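Listed below, chain by chain, are the residues.
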Amino acid sequence: MAFPEIRWSLSHMRELVPTVSVGRSDGARVSFNEPSAADTAAVEALAFTDMNGRSRRFDEALFDTYTDGIMVLHRGRIVFERSRLNN
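Residues numbered from 1 in each chain as written. Predicted model: local features only at pLDDT ≥ 70, side-chain atom pairs only at ≥ 80, totals over all residues. Heavy atoms only, no water.

**Student:** Sorry if this is basic, but what is going on with the side chain of R56 here?
**Tutor:** Mapped onto the elements, R56 comes out in strand β2 (residues 55-57). A distance of 2.2 Å separates a polar atom in the side chain of R56 from a polar atom in the side chain of D64. Setting aside its immediate chain neighbours within four residues, R56 contacts L46, A47, F48, D50, A61 and D64. (Helix = DSSP H or I, 4+ residues; strand = E, 2+ residues; numbered from the N terminus. Polar contact = N/O pair within 3.5 Å; in protein donor to acceptor, adjacent residues only side chain to side chain. Contact = heavy atoms within 4.5 Å.)

**Student:** Can you walk me through the layout of surface pockets in this structure?
**Tutor:** Empty space left among the atoms is revealed by rolling a probe the size of a water molecule over them. Its boundaries defined by the atoms lining it, the largest pocket holds a volume of some 240 Å³. Lining of the largest pocket is provided by F48, D50, M51, N52, R54, R56, A61, D64 and T65. Here the second largest pocket defines a volume of roughly 170 Å³. Every residue along the wall of the second largest pocket is listed here: F3, I6, R7, D64, T65 and Y66. Class assignment of the residues belonging to the lining of the second largest pocket gives a composition of 3 nonpolar, 1 polar and 2 charged. (1 Å grid on protein atoms, 1.4 Å probe; cavity = no way out; pocket = protein on both sides within 12 Å on 5 of 7 lines; lining within 4 Å. Points joined across faces, edges and corners; volume = space filled by probe spheres on them. Nonpolar A, V, L, I, M, F, W, Y, C, P; charged D, E, K, R; others polar.)

Right, dumping it as structure tokens:
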């Protein structure tokens, strides 16, 4: 349950334990907004202390933890979205 083994385990979960695909609903789709530049900048600038006691910014932590993608919703609005494809 530690890096980097946990990353491999999560990436290969379907090979290790039974899983099931969940299809999308036939119901109405929800349209989301594009995050504003101000919201994106505010989230990227968030600072915290990591488990090693280092002061970190949110955007730095995403890079250092090999995050493939993340979306932050606040009260039904997208305030931050990032993936390796749109960095």
